Every structure is written in C-alpha cells, then in structure tokens.
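An overview of the molecular structure
Now for the letters of each chain:
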Amino acid sequence: MPALVVAGARTPFAKAGADLRRVSARELGVAAVREAVARSGFLPSEIDAVVMGNVASPADASNVARVIAVQAGLPEAVPAHTVNRNCASGMEAVAEAAEMIGSGRARVVVAGGVESMSNVPFLVTEELKDILTAAARARSFPARLRAWMRLRPRAFKPIPGLLAGLTDPLCGLSMGQTAEVLALEFGIGREEQDRFALESHRRAVAAADRLREEMTPVFLPPRWDKALHDDVGPRRQQTMEALARLKPHFDRERGTVTAGNSSPITDGAAAVVMASADAVRDRSLRPLASVRSWAAAGLSPRRMGLGPAFAAPLALARGGARLADVGLIEINEAFAAQVLACVAALASDRFAREELGLERAVGEIDPDRANVNGGAIALGHPVGASGARLVLTLAMEMRRRGAGLGLATLCIGGGQGMAVLLEAA
C-alpha cells in the first residue's frame, strides 16, 4: 500500500542567533504541523500518529514530537514519537510514516522535523558539576561551604553544546573538516565551491515566490505582534568577489571550505501529512506525490558527505528506477564540496565498481534538475528538519513541473546517507 504525500508546510528558516532565536523548537514544530494539517484536508481527529525528527532534544521537551502534536491541536489520543538520525532525522520520520501506512498500521500520519540550533544549550565543566553536586548533597553548612570554596574561575568556562554536537566522536573531525577530506580526495577547488554556493543563492532568490508557498509565518516573541514570513539566508547581492574574501574556516592554512560555501547553522521546522490511498480517496484529495522507495546507507565517518552517493543508488534500485529516469533532485547542500563530491562519485565508473559493487556509474546529475530552487547553502540546514524540508520542496516542485520521479537525498553526520524516491501521484 503506497504512502501518499498529501500536503505540507514549513517555517521560514533563519540563521541561528537571529530572527528565530527566541522561538523554541516546540513552537517552531507547532507552526509547521498545525499548518500542514490545515492544508491537508484531514481533520485533526483523523490523524493516527505523529513522527518528528530532532537532533538536539530540547531539555524541556524530550519527546518533542508529543509536545508539538498536542500543542498543535491534535487530540491527546494521537500517539507521537521523536526520531534521531542526525541530519536525516526529518527524512527518517517520513520513512517511518511510509512504513506505518504501507503496513496498514495507520491511514494518516504527520511526519516532519524541527531544530532550534539557537537553543542548543551550553554545558558546564565536570569540575563545576562536581562542586554543584557536592554542595547540593551537603548536610551541613560547613560541608556546603567547603564545596563552594573549591570554586575557581576555570570551572565557569562554558562548553558550547552545538560545537560538541558538530564534531563526530567516531573520527574526531568536525563536519566541516570532513568536507575538506572530500575536497582533497576529489580535487574540488575553492573557486568551484564558491561558484556552486553563488548559484544556490541565485536560485533561492529567483524562487522566493515558490518557496513562500511552502511556508507558514512564525510570530516572534516577546510581543508576538511581528512575524517572519521568508527565509533569511538567500542573498540577492551575493558575488564571487565577496565569497572569495572569506577565509577557510576548518583548515586555516590549506583549506577551501568557508562559511560562504557551507550551509549556515539554522533554526526551522517542516512537516508533511501522509496518507494511504483509501484515506485520500475517501476525502477526494489530490496528493502531491507518493513514496516509491527509500534507503539508508553507512560509510566511513571521515567521508560522511558522500552519503547520498551510497544511499541514492539503493533507493533507486528498490524503486526499480535509474538516475536518468529522475526528473528532479533535491540534495542537501551541507557543503558545496560535499555535493560536488557526490556528483563526481555518482558519475564515476571506478567509484561504482570499488565502492558500490556495480558494473558502471550510477549516472550524471543534470545541474538543471538538481536543487532548482536553491539549497541549504542559501536556505540553511536546521539538522532535524532538513530531511522533511527536502521531501516537501521536492513534492511541490514535482507538481509544478509535472515530473514523474523525484529523488531527495542527504548526507548524515557520523557516516550515513539517506534517500527517498517520490513518484507523481
């Protein structure tokens, strides 16, 4: 039983620490889910389950999907759970929803993802934690005083949780450093990366009206009288000269990866409503697309950016399709170097034989069919939400262009990739 993508919505995306910095993850998720359900044609009482991707796990909402579902107005009887596959968390939610519908366990499911990277907490040092614990457990004033007297200024040095989270414990490299690994391996130079980044901004600016169709405004605290209506990232005035002035961020001496050819750290949420064919038929709805297949793959954490080159061939094979059959592609732009490496790998006979066990290359990615509305370098990459955003953007663009097949794929920190193959409904 195929799972159909009926409708969806996302918030505008904004760079962390900027417009959405005071909006919590659950509030972002509520905005996306509420609007997605409203657009779907289904009543809240018809939703069977909610699955949301999230990476940072807000301290005040550990199962953030449940909090979002209830606060978005869904009945308390609707179960909800949160999934974490790092950067593909939102796509994992879509895959789980498709599995639930395909197995007959559910008829209508909300799937999506959310991330407030602004609100990833700062951590305290082990030294301060020990002192605070000792003081809390002290049973007398002298014992409490002895604990406090151990305090030294070094104990107050905060540890940014975001930086810790963006460093892979398996290989010891930050995500940007893994992009440098691929730039070196595939011979991808600075100018090529900057040119790719510039095109991402150009396309996103040109597609502003189309992208706005995906969005629902987010009202901003503290007075809630102003709203953010558009993505903050796309730069109308971006130039190669401005990009060239930026210094390498992850390898100061020999690097080519900069803040300009990388996706910014971002806040945002996205959600889609998925349903079975009979549920859609009962409501006489016109879905955007159907989920034909999906796949996840593992690879070396040092080369995590190649995830799409491993996952996309699996999803295509499971869906009985070739890359040449795909009319539109959404590939997450974590880094320009990472996307360009995937393009090169998929077109390589050697990579196909040695890495994938195939006889010949998977195929060429036509740049005119990939990220036609820009990508994460311009729009941003709220890690828990991006996978769902890719599916939503792809499904809506397939409808506009009459594309028969669409592929959404992204790399995953820790050494994985994921892909979803959509078919016109």
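Above this text you will find the structure in question.
In this report, we go over the structure that sits alongside the text. Counting of residues starts from 1 at the beginning of each chain's written sequence and follows it residue by residue. Restriction of local features to residues with pLDDT of at least 70 applies here, the model being predicted, together with a cutoff of 80 or more for giving and counting side-chain atom pairs; totals for whole chains, interfaces and linings are based on all residues. Computation of side-chain values: all heavy atoms of the structure, hydrogens and water removed.

Let's shift gears to a nonpolar patch on the surface. Two joining distances apply to patches: 9 Å for like charges and 5 Å for nonpolar side chains (Val, Leu, Ile, Met, Phe, Trp, Tyr), and every residue must have over 30% relative accessible area and no salt bridge. Accessibility throughout is a Shrake-Rupley quantity obtained with a 1.4 Å probe, and a residue counts as covered only by protein chains that appear here. The term salt bridge refers to a pairing of a side-chain nitrogen on Lys or Arg with a carboxyl oxygen on Asp or Glu at a separation within 4 Å. Residues Phe 141, Leu 145 and Met 149 make up a contiguous nonpolar surface patch of roughly 340 Å² in combined accessible area. Within the fold, Phe 141 resides in helix 5 (residues 141-148). A helix here means a DSSP run of H or I that spans at least four residues, while a strand means a run of E at least two residues long, and both kinds are numbered starting from the N terminus.

A separate point is the pattern of salt bridges. Overall, the coordinates contain 29 salt bridges when judged by the stated rule. The salt bridge partner of Glu 199 is Arg 203, with a shortest N-O separation of 2.8 Å. One end of the pair, Glu 199, and the other, Arg 203, are both in helix 8 (residues 190-206), four residues apart, so they sit about a helical turn from each other. A salt bridge links Glu 354 to Arg 350, with the shortest nitrogen-to-oxygen separation between them at 2.8 Å. Note that Glu 354 and Arg 350 are positioned in helix 14 (residues 349-356) at a spacing of four residues, about one turn of the helix. Look at the salt bridges and you will find they share partners, linking Arg 210, Glu 213, Glu 397, Arg 400 and Arg 401 into a network.

Right, let's get into the packing of helix 4 (residues 126-137) against helix 5. Following both chains from N to C, one finds helix 4 and helix 5 inclined at 175°, their axes separated by 8 Å at the closest point. Classed by the angle they form, the pair helix 4 and helix 5 counts as roughly antiparallel. Contacts between helix 4 and helix 5 involve Ile 131, Leu 132, Ala 134 and Ala 135 on the former and, on the latter, Arg 144, Ala 147 and Trp 148. All axes are obtained by fitting lines to C-alpha atoms, using only the stretch in contact for helices, and the reported angles, taken between N-to-C directions, cover 0 to 180 degrees. With respect to orientation, any angle under 35 degrees is reported as roughly parallel, any angle over 145 as roughly antiparallel, any angle of 65 to 115 as roughly perpendicular, and every other angle as oblique. Every residue pair with non-hydrogen atoms within 4.5 Å of one another is taken to be in contact.

The criterion for an aromatic pair is that two Phe, Tyr or Trp rings (for Trp, the six-membered ring) have centres within 6.5 Å, with stacked assigned to planes under 30 degrees apart, edge-to-face to planes over 60 apart and tilted to the rest. Here the structure, examined in full by the defined rule, presents two aromatic pairs. A centroid spacing of 6.2 Å and a plane angle of 85° characterise the contact between Phe 250 and Phe 335, whose relative ring orientation is edge-to-face. On the criterion of sequence distance, the pair formed by Phe 250 in the loop between helix 10 (240-244) and strand 10 (266-276) and Phe 335 in the loop between strand 12 (328-331) and helix 13 (336-346) is long-range, its members being 85 residues apart. Categorising residues by exposure relies on relative accessible area from a 1.4 Å probe, with only protein chains included: less than 20% of the type maximum marks a residue as buried, more than 50% marks it as exposed, and the intermediate range marks it as partly exposed. Among the residues examined, Phe 250 registers a relative accessible area of 27% and is labelled partly exposed. Looking at Phe 335, the relative accessible area reads 8%, which means it is buried. Pairing Phe 310 with Phe 351 gives two aromatic rings, centres 5.4 Å apart and planes at 75°, and the pair type is edge-to-face. With Phe 310 in helix 12 (residues 307-318) and Phe 351 in helix 14, this pair connects stretches of sequence that are 41 residues apart. Considered together, Phe 310 and Phe 351 belong to a single accessibility category, that of buried residues. The ring of Phe 13 is capped by Arg 10, whose NZ or CZ atom sits 4.7 Å from the centre of that ring. For a Lys NZ or an Arg CZ to count as sitting over a ring, it must be within 6 Å of the ring centre and within 35 degrees of the ring normal.

Looking now at the packing of helix 8 against helix 13. Across the interface, helix 8 lies against helix 13 with an axial gap of 9 Å and an inter-helix angle of 100°. Between helix 8 and helix 13, the angle is such that the two are roughly perpendicular. Along the contact surface, helix 8 presents Glu 192, Gln 193 and Phe 196, while helix 13 presents Ala 336, Ala 337, Val 339 and Leu 340. The class makeup of the residues in the contact of helix 8 with helix 13 is five nonpolar, one polar and one charged. In this count, Pro and Cys sit with the nonpolar residues alongside Ala, Val, Leu, Ile, Met, Phe, Trp and Tyr, while Asp, Glu, Lys and Arg are called charged and the others, Gly among them, polar.

Defined by distance alone, a disulfide is two cysteine sulfur atoms within 2.5 Å. The tally for this structure, following the rule as stated, stands at zero disulfides. Of all cysteine sulfurs, the one in Cys 411 lies closest to Cys 87, which takes part in no disulfide; the gap is 5.9 Å. Between Cys 342, a cysteine without a disulfide, and Cys 411, which holds the nearest cysteine sulfur, the sulfur-to-sulfur distance is 6.7 Å.

Before going further, it helps to spend a moment on the pairing of strand 13 (residues 405-412). Looking down a regular strand, the side chains alternate between one sheet face and the other. The buried fraction of strand 13 amounts to eight of the eight residues, a majority that puts the element mostly inside the structure. Residues Leu 405, Leu 407, Thr 409 and Cys 411 point to one face of strand 13 and Gly 406, Ala 408, Leu 410 and Ile 412 to the other, with burial holding for every one of them. Only when DSSP finds a minimum of two bridges between them are two strands counted as paired. By the bridge criterion, four bridges tie strand 12 to strand 13 in an arrangement that is parallel. Across the sheet, the residue bridging to Ile 329 is Leu 407, located in strand 13. Taken together, strand 13 and the strand that follows it, strand 14 (residues 416-424), pair antiparallel across an intervening segment of three residues, in which Gly 414 is found at a positive phi of about 105°.

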